[in-house]
Amino acid sequence: MIAHGKDIKIFSGTSNRPLAEAICKEVGTELGNAEVGAFSDGENFVSIYETVRGSDVFVVQSTSSPVNDNLMELLIMIDALKRASAGRITAVMPYFGYARQDRKTKPRDPISAKLVANLITRAGADRVLTMDLHANQIQGFFDIPVDNLLGNPIFTNYLHDRFNGREDEVIVVSPDVGSVARARAFAQKLGMGLAIVDKRRQKANSSEVMNIIGDVRGKKVILFDDMVDTAGSLCGAAQALVELGGAVDVIACASHGVLSGPAVERIEKSVLKEVYFLDTVPPKAGVACDKIKYLSVAHMFAEAIERIYEEVSVSKLFV
């Protein structure tokens, strides 16, 4: 239990309450007493039922589906805490939505990630704690401190135990050119080789696999990415690695399992043997798939929260 200075309080929206409760358990505190809901017309409301004056407050809320509702919940909670004279407010966003539009790719495009950054800052957040932003430059969209935790240590610890001594049999694959830097760092930590799936995207949420750069024949493959949305790219890459590349087994690791539309069904029918996600986005209610497994980020976020509260370096968590 943290015990110095002003008190710490952790609140949660409705997007990922189980993760917030797990973080509180790691920190050694109770989840803050608050009600988050919606009026009959769909407007969100928030009521805080305990004093937060002068407290160091952390609001746990992933802006995953339903994205707009969860984002509004976060903004309203921040506003309520600010007006209640909270000492400092940290928006803990395990998954940062609207991150894919981080630049203009054609005329008259919005930069939605910048807009969301402005909203969070203007609502009254003093800092942001998130994990595996889709694009690192989003940190620069904020005029407040942003700590972008890396999820790959959780995967590397798990996979190192699993493939210890058999690294030559396994290769890490980036599902597209844009994820090469992330996959390279992951492969180096595991002591494995790297290959790349070269694909051409025709339109949003669809892609065509064109070529495999690197030799995956006869190897077990770990596809590594930051997020999986409709799973079309992931399943297409896995199929190409087996049929074109001659891979033996394909498993996938991704920080954020958004899993919209037919994603779960695609994974179930794909050649993928297993898919590992972090629990930054909660599993879909009522949708089961034996191939999908979740690893907890509660310990990492709890340690980051403790370090922020105690005013010590968070950089140790980025190694």
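Residues numbered from 1 in each chain as written. Predicted model: local features only at pLDDT ≥ 70, side-chain atom pairs only at ≥ 80, totals over all residues. Heavy atoms only, no water.

## Structural notes on the UniProt feature "domain: Ribose-phosphate pyrophosphokinase N-terminal" (unreviewed entry) in the chain
The feature "domain: Ribose-phosphate pyrophosphokinase N-terminal" (unreviewed entry), as given by UniProt, occupies residues 8-124 in the numbering adopted here. Structurally, residues 8-124 comprises 34% helix and 22% strand, and the distance from its first C-alpha atom to its last is 18 Å. (UniProt positions renumbered as here; feature names shortened; annotations may be inferred. Helix = DSSP H or I, 4+ residues; strand = E, 2+ residues; numbered from the N terminus.)

## Concerning helix 6 (residues 232-243)
Over its 12 residues, helix 6 runs 16 Å from end to end, which matches the ideal 16 Å to within 8%, given 1.5 Å per residue. Looking at helix 6, one finds that the buried residues are L234, C235, A237, A238, A240 and L241. (Expected span 1.5 Å × (residues − 1). Buried < 20%, exposed > 50% of the residue type's maximum accessible area, 1.4 Å probe, protein only.)

## Describing the environment of V146
With respect to the helices, strands and loops of the structure, V146 is situated in strand 7 (residues 146-149). For V146, a relative accessible area of 14% gives the class buried. Separated by 151 residues in sequence, V146 and V297 have C-alpha atoms that sit 18 Å apart. Residues within four places of V146 in sequence aside, it is in contact with V128, T130 and Q139. (Contact = heavy atoms within 4.5 Å.)

## Considerations on the environment of V216
With respect to the element layout, V216 can be found in the loop between strand 10 (206-213) and strand 11 (220-228). Residues V216 and L241 lie 25 residues apart in sequence; the distance between their C-alpha atoms is 7.2 Å. Ignoring anything within four residues of it in the chain, the contact list for V216 reads I171, V173, A195, V221, L241, G245, G246 and A247.

## Some remarks on the nonpolar core
Counting residues in each nonpolar core, the largest one holds 43 residues, and the members touching the most others are I10, I23, L149 and I222. For this core, the leading source of residues is helix 8 (residues 298-309), giving 8 residues. Split by domain, this core shows at least three residues from each of two domains, domain 1 (6-148 + 296-315) and domain 2 (150-287). Those residues in contact with I222, other than ones at most four positions away along the chain, are L159, F163, V170, I171, V172, V173, F186, L190, M192, I251 and C253. Counting residues in each nonpolar core, the second largest holds 32 residues, with V52, F96, A117 and V128 among its members. (Core = buried A, V, L, I, M, F, W, Y, C linked by side-chain atoms within 4.5 Å. Domains from an automatic or database assignment.)

## Observations regarding the packing of helix 4 (residues 152-163) against helix 5 (residues 180-190)
It is at 10 Å that the axes of helix 4 and helix 5 come closest, and there the two elements cross at 35 degrees. Of the two possible hands of crossing, helix 4 and helix 5 adopt the one that is right-handed. Mapping the contact onto sequence places N152, P153, F155, T156, L159 and H160 in helix 4 and F186, K189 and L190 in helix 5. Partitioning the contact of helix 4 with helix 5 into residue classes produces 5 nonpolar, 3 polar and 1 charged. (Axes fitted to C-alpha atoms, helices over the stretch in contact; angles between N-to-C directions. Left-handed = near helix turned anticlockwise from the far one by under 90°. Nonpolar A, V, L, I, M, F, W, Y, C, P; charged D, E, K, R; others polar.)

## What about the packing of helix 2 (residues 67-83) against helix 3 (residues 112-123)?
Between two packed helices, both the angle of their axes relative to each other and the distance between the axes serve to describe the pair. Following both chains from N to C, one finds helix 2 and helix 3 inclined at 25 degrees, their axes separated by 8 Å at the closest point. Considering the angle they form, helix 2 stands roughly parallel to helix 3. Across the interface between the two elements, L71, L74, L75, I78, D79 and K82 of helix 2 pack against V116, L119, I120 and A123 of helix 3. Its residues assigned to classes, the contact of helix 2 with helix 3 comprises 8 nonpolar, no polar and 2 charged. (Parallel < 35°, antiparallel > 145°, perpendicular 65-115°, else oblique.)

## Details of the packing of aromatic side chains
Applying the stated criterion across every chain, the model contains 6 aromatic pairs. Their ring planes at 40 degrees and their centres at 5.1 Å tell us that F39 and F45 sit as a pair that is tilted. F45 gets classed as buried once you look at its relative accessible area, which sits at 18%. Taking the centre distance of 6.0 Å and the plane angle of 75 degrees together, the rings of F96 and F142 count as edge-to-face. Residue F96 is located in the loop between strand 5 (88-93) and helix 3, and its partner F142 is located in the loop between strand 6 (127-131) and strand 7; the two are separated by 46 residues in the primary sequence. By the burial criterion, F96 is buried, and F142 matches it. Pairwise contacts between aromatic rings join F155, F186 and F224 into one cluster. (Phe/Tyr/Trp six-rings, centres within 6.5 Å; stacked < 30°, edge-to-face > 60°.)

## Examining the sheet that holds strand 7
The sheet built from 5 strands is open, its strands ordered 1-4-5-6-7 with parallel pairing. Two strands lie at the open edges of the sheet, namely strand 1 (8-12) and strand 7, each paired on one side alone. Ignoring which end each strand starts from, the neighbouring axes of this sheet average 20 degrees apart. In this structure, strand 6 lies alongside strand 7, joined through 4 bridges in parallel fashion. From the neighbouring strand, M131 faces strand 7, where its bridge partner is L149. (Pairing = 2+ DSSP bridges.)

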